[in-house]
Amino acid sequence: MRSKSYSGAQASWGLKIAAFLTLLFLHVPIWIIFLYSFTPDETTYTFPLPGFTTRWFGVALGRSDLWSALTLSLRVAAVATLAALVLGTLAAAAVYRSNFFGKESVSFLLVLPIALPGIVTGIALRTAIGGLEIPFSFWTIVIGHATFCVVVVYNNVLARFRRTSGSLVEASMDLGANAFQTFRYVIFPNIATALLAGGMLAFALSFDEVIVTTFTSGQQTTLPIWIFSQLTRPRDRPVTNVAALIVILITFVPIFLAQRLTAESSETGESKSG
Amino acid sequence: MLSRISTYLFLRPRLVLLLLLGPPLLYMLVVYLGSLFALLVNSFFYLEEFTGLIVREFTLRTYALIFNPANREIFFRTTLMAAAVTVTDALLAFPLAYYIARFASPRLKTWLLIAVTIPLWSSYLVRVYAWKLILAKEGILSWFINLLHLNPILDWLLSIPAIGGSSLSLSPLGMFIVFAYIWLPYMIIPVQTALERVPNSLLEASGDLGAKPYQTFRNVILPLAFPGVVAGSIFTFSLTLGDFIVPLSLGNSKFFIGQAVYSYQGTGGNIPLAAAMTMGPVVIMVIYLLVARKLGAFDAL
């Protein structure tokens with residue numbers, strides 16, 4: 001890398017320490033969850049932990065309510081991600097390749113569900129569901145999640161389109177490939193990692209969403225809803241600790257991979273243009 | 001066959017646009033904007049107190065309820081909290097953002113950015129839960145404060161009526177800490193992006209013209225980073241304004257906007273009032289976004 005945006009100068013110790021402390025502040029609370037899933041203490045959050053046990057993992061495994069909440073969350077996240085992948089990619093392709101009246105408002109419309117407080121989306125969907133007398137179901141949760149997942153895929157794919165040279169598509173067409181072949185052999189391989197990154201972020205976003213879900217789930221319990229009910233009225237503290245750990249582990253992998261994918265592609269993107 | 005379709009489509013770009021844009025646009029217009037519209041319409045209905053039924057007639061009665069003293073207080077309290085959280089996050093974000101933007105090597109920078117974005121994407125609910133553990137009376141923070149013999153200071157803070165409570169995990173002060181923690185990554189990223197765009201030549205020029213480092217910082221770097229701070233503040237402000245998870249888990253009986261909306265529609269069954277109350281954050285955010293655009297925040301996003 002030739003173009004260094006950093007000055008190469010040394011930061012003062014004060015700045016280094018402040019930056020390091022901020023980093024700790026961001027991460028230590030997440031480690032605390034790990035710690036507490038091993039506490040033998042059933043009724044309080046005593047620190048230092050009075051002992052060490054792994055028995056709550058077994059207890060959590062045997063809890064059918066936890067299992068059904070987990071499967072519901074996984075199913076919702078899978079379907080919402082699929083919907084977001086299709087809708088987000090279509091919108092990104094439209095915005096990238098064409099100029100049309102109101103193009104700016106498309107981005108605005110897509111980003112609105114995450115720019116406005118989640119409660120606005122939640123109560124709005126709740127009102128519409130109530131007004132149309134639609135019964136709460138698996139699909140009401142999915143529809144709610146898809147509204148804010150689309151923008152994640154859209155942003156990732158659009159950014160990739162903008163870095164992909166348009167001449168590639170023209171070359172493919174000139175060489176006699178039809179639109180479908182061009183998509184299969186030129187466009188798709190180019191945007192594949194962007195789709196993967198966007199899809200994984202959408203999955204993580206949907207899997208642990210709680211605010212919109214509160215309004216669209218009715219009596220159904222997703223894993224975040226289960227944890228939320230324990231937050232306000234703690235009954236099973238040790239099991240909740242394990243459930244929180246499960247959420248962290250399930251969301252960490254896709255988030256981390258998505259970050260790596262986008263970081264790498266932007267690095268290679270820079271070296272290409274440089 | 002496929003080639004024929006392909007040629008057909010190639011000659012009709014408008015049709016292709018329609019096929020591409022149609023599904024996502026239709027989805028967002030019908031489901032999202034349709035719901036927002038339903039919300040708006042419902043805010044003009046009212047709940048008949050005696051029958052408990054929603055009367056579907058145009059009225060401003062529900063909006064009048066919003067301006068009663070109790071609800072006005074809720075708006076005031078929430079906006080104050082959002083402002084306090086925003087200012088705190090701007091101060092907390094700056095050192096790390098500054099270090100990432102100006103001093104970290106490219107390799108370290110990649111890792112630091114990942115370290116900041118992981119908490120941003122990872123479960124918000126679980127991170128709130130983590131603080132429930134930390135702030136508990138018998139929890140880790142109390143233990144630490146005890147270790148440093150700082151209990152008198154904590155007791156004094158908790159005895160202040162506006163911010164205190166029985167323990168950190170049941171007080172506005174605790175909520176403030178959790179809000180500041182939860183939204184901090186949303187502030188770091190835009191500030192870092194804004195700082196990144198400050199050209200080194202500008203700083204060298206400032207130095208060459210005789211400015212001392214702190215003068216360069218004060219007169220060159222800070223003004224150029226400001227749009228980034230405003231961009232970050234959109235998130236910290238908006239997210240605090242509408243949240244009900246943190247107040248429900250850590251607050252006391254004093255309501256916040258999100259919490260009020262939640263209880264009006266849930267136990268109260270009063271959707272019109274919940275809808276009208278939601279218009280509060282929407283209006284506040286629209287004004288905020290307009291001001292932010294004036295301050296150049298959108299270029300920093």
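Residues numbered from 1 in each chain as written. Chains lettered and ligands numbered in written order. Predicted model: local features only at pLDDT ≥ 70, side-chain atom pairs only at ≥ 80, totals over all residues. Heavy atoms only, no water.

Novice: Give me the lowdown on the overall build of chain A, citing residues and values where you can.
Specialist: Check the secondary structure of chain A and you find 11 helices and zero strands. From first element to last, N terminus to C terminus, chain A shows the α and β order α-α-α-α-α-α-α-α-α-α-α. A principal-axis box enclosing the C-alpha atoms of chain A has dimensions of 70 × 60 × 30 Å. Contacts in chain A between residues far apart in sequence, at least 24 positions, make up 73% of those at least 6 positions apart. Summing over all exposed atoms, chain A offers an accessible surface of approximately 12,800 Å²; the carbon and sulfur share of this is 65%. (Helix = DSSP H or I, 4+ residues; strand = E, 2+ residues; numbered from the N terminus. Contact = heavy atoms within 4.5 Å. Areas by Shrake-Rupley, 256 points an atom, 1.4 Å probe, with all protein chains shown as cover.)

Novice: Tell me about the overall build of chain B, residues and numbers included.
Specialist: In terms of regular secondary structure, chain B is built from 15 helices and two strands. Here the C-alpha radius of gyration of chain B, 25 Å, is well above what a compact globule of 301 residues would show, namely 19 Å. Per-residue burial for chain B yields a buried fraction of 52% across its 301 residues. Residue pairs at least 24 apart in sequence account for 69% of intrachain contacts in chain B once pairs closer than 6 positions are excluded. Entry remark: accessible area of chain B is about 14,300 Å², with carbon and sulfur atoms responsible for 72%. The positive charge centre, built from 19 side chains, and the negative charge centre, built from 12, are 9 Å apart in chain B. (Rg over C-alpha atoms; globule rule 2.2 N^0.38 Å. Buried < 20%, exposed > 50% of the residue type's maximum accessible area, 1.4 Å probe, protein only. Lys, Arg positive; Asp, Glu negative; His and termini not counted. Charge placed at Lys NZ, Arg CZ, Asp CG, Glu CD.)

Novice: A description of the interface of chain B and chain A should follow, citing residues and the corresponding values.
Specialist: In this assembly, 87 residues from chain B lie in contact with 87 residues from chain A. In terms of surface lost to chain A, no three residues of chain B exceed Tyr32(B), Trp121(B) and Tyr129(B), which account for 10% of the buried area on that side. Between the two partners, chain B and chain A, sit zero salt bridges. Our enumeration of links across chain B and chain A arrives at eight residue pairs in polar contact (both at pLDDT 80 or more). No other element matches helix α2 (residues 13-42) of chain B, which puts 19 residues into the side of chain B that touches chain A. Taken together, the residues of the side of chain B that touches chain A break down into 61 nonpolar, 17 polar and nine charged. (Buried area = accessible area lost by both parts, 1.4 Å probe. Salt bridge = Lys/Arg side-chain N within 4 Å of Asp/Glu carboxyl O. Polar contact = N/O pair within 3.5 Å; in protein donor to acceptor, adjacent residues only side chain to side chain. Nonpolar A, V, L, I, M, F, W, Y, C, P; charged D, E, K, R; others polar.)

Novice: Quick rundown of the packing of α2(B) against helix α14 (residues 271-294) of chain B? Include the residues and the values.
Specialist: All names here are of chain B. Running from N to C, α2 and α14 point in directions that differ by 110°, and their axes come no closer than 8 Å. Our classification of the angle between α2 and α14 gives roughly perpendicular. Together, Leu39, Leu40 and Asn42 of α2 and Ile271, Pro272, Ala275, Thr278 and Met279 of α14 make up the contact between the two elements. Of the residues contributing to the contact of α2 with α14, the split by class is six nonpolar, two polar and no charged. (Axes fitted to C-alpha atoms, helices over the stretch in contact; angles between N-to-C directions. Parallel < 35°, antiparallel > 145°, perpendicular 65-115°, else oblique.)

Novice: Give me the pattern of salt bridges: which residues, what numbers.
Specialist: If charged atoms from side chains of opposite charge come close, those side chains can pair. Under the definition given, this model contains four salt bridges over all chains. Asp236(A) is the salt-bridge partner of Arg63(A), the closest N and O atoms lying 3.2 Å from each other. Linking Arg63(A) in the loop between α2 (55-61) and α3 (64-97) with Asp236(A) in the loop between α10 (223-232) and α11 (237-273), this pair joins segments that are 173 residues apart in sequence. Judged by its relative accessible area of 22%, Asp236(A) falls in the partly exposed class. The salt bridge partner of Glu196(B) is Lys109(B), with a shortest N-O separation of 3.2 Å. Here Glu196(B), found in helix α9 (residues 172-196), pairs with Lys109(B), found in helix α5 (residues 106-121); they are 87 residues apart in sequence, far enough to count as distant.

Novice: Lay out the side chain of Thr140(A) with the relevant residues and their values.
Specialist: Residue and element names in this part refer to chain A. Mapped onto the elements, Thr140 comes out in helix α6 (residues 138-163). With a relative accessible area of 8%, Thr140 lands in the buried category. At 2.8 Å, the side chain of Thr140 and the backbone oxygen of Thr216 are in polar contact. What Thr140 contacts, discounting residues up to four positions off in sequence, is Ile129, Ile134, Pro135 and Thr216.

Novice: Lay out the environment of Arg237(A) with the relevant residues and their values.
Specialist: Examined against the element boundaries, Arg237(A) turns out to sit in helix α11. Along the backbone, Arg237(A) and Leu125(A) are 112 residues apart, and their C-alpha atoms lie at a distance of 32 Å. Setting aside anything within four residues of it in sequence, one finds Arg237(A) in contact with Glu42(A), Thr43(A), Thr44(A), Tyr45(A) and Tyr129(B).

Novice: Which residues make up the side chain of Thr53(A), and what values go with them?
Specialist: Residues and elements named next belong to chain A. Residue position: Thr53 is located in the loop between α1 (13-36) and α2. Here Arg55 takes part through its backbone nitrogen, which lies 3.0 Å from a polar atom of the side chain of Thr53. For Thr53, the contacting residues outside a window of four places in its chain are Ser37, Phe38, Thr39 and Pro40.

Novice: So what's going on with the packing of aromatic side chains? Which residues, and what values?
Specialist: One pass over the full model with this rule turns up 26 aromatic pairs over all chains. Pairing Phe237(B) with Tyr288(B) gives two aromatic rings, centres 4.6 Å apart and planes at 20°, and the pair type is stacked. Pair noted here: Phe237(B) is in helix α11 (residues 213-242) and Tyr288(B) is in helix α14, with a separation of 51 residues, a long-range link. One aromatic cluster in this structure is built from Phe94(B), Tyr98(B), Tyr99(B), Phe103(B) and Phe217(B). Lying over the aromatic face of Trp13(A), Lys16(A) brings its terminal NZ or CZ to 4.8 Å of the ring centre. (Phe/Tyr/Trp six-rings, centres within 6.5 Å; stacked < 30°, edge-to-face > 60°. Lys NZ or Arg CZ within 6 Å of the ring centre and 35° of its normal.)

Novice: Can you tell me about unusual backbone geometry, naming the residues and giving the values?
Specialist: For residues besides glycine, phi is generally negative; the peptide bonds are generally trans as well. Located in the positive-phi region is Glu133(A), a residue other than glycine, with phi close to 55°. As for its position among the elements, Glu133(A) is in the loop between α5 (118-131) and α6. Looking at Glu133(A), the relative accessible area reads 70%, which means it is exposed. The phi dihedral of His149(B) falls on the positive side, at around 55°, and the residue is not glycine. Looking at where His149(B) falls in the secondary structure, it is placed in the loop between α7 (140-147) and α8 (151-159).

Novice: Can you break down the confidence of the model for chain A residue by residue, with the values?
Specialist: Residues and elements named next belong to chain A. Scored by pLDDT, chain A has a mean of 83; 93% of the residues are at 70 or more. Here residues 1-6 is a poorly scored stretch, pLDDT under 50, and it has 11 contacts once near neighbours within four places are set aside; other chains count. Contacts of residues 268-274 to residues separated by more than four positions or lying in other chains number two contacts, the stretch itself having pLDDT below 50. (pLDDT = per-residue confidence, 0-100.)

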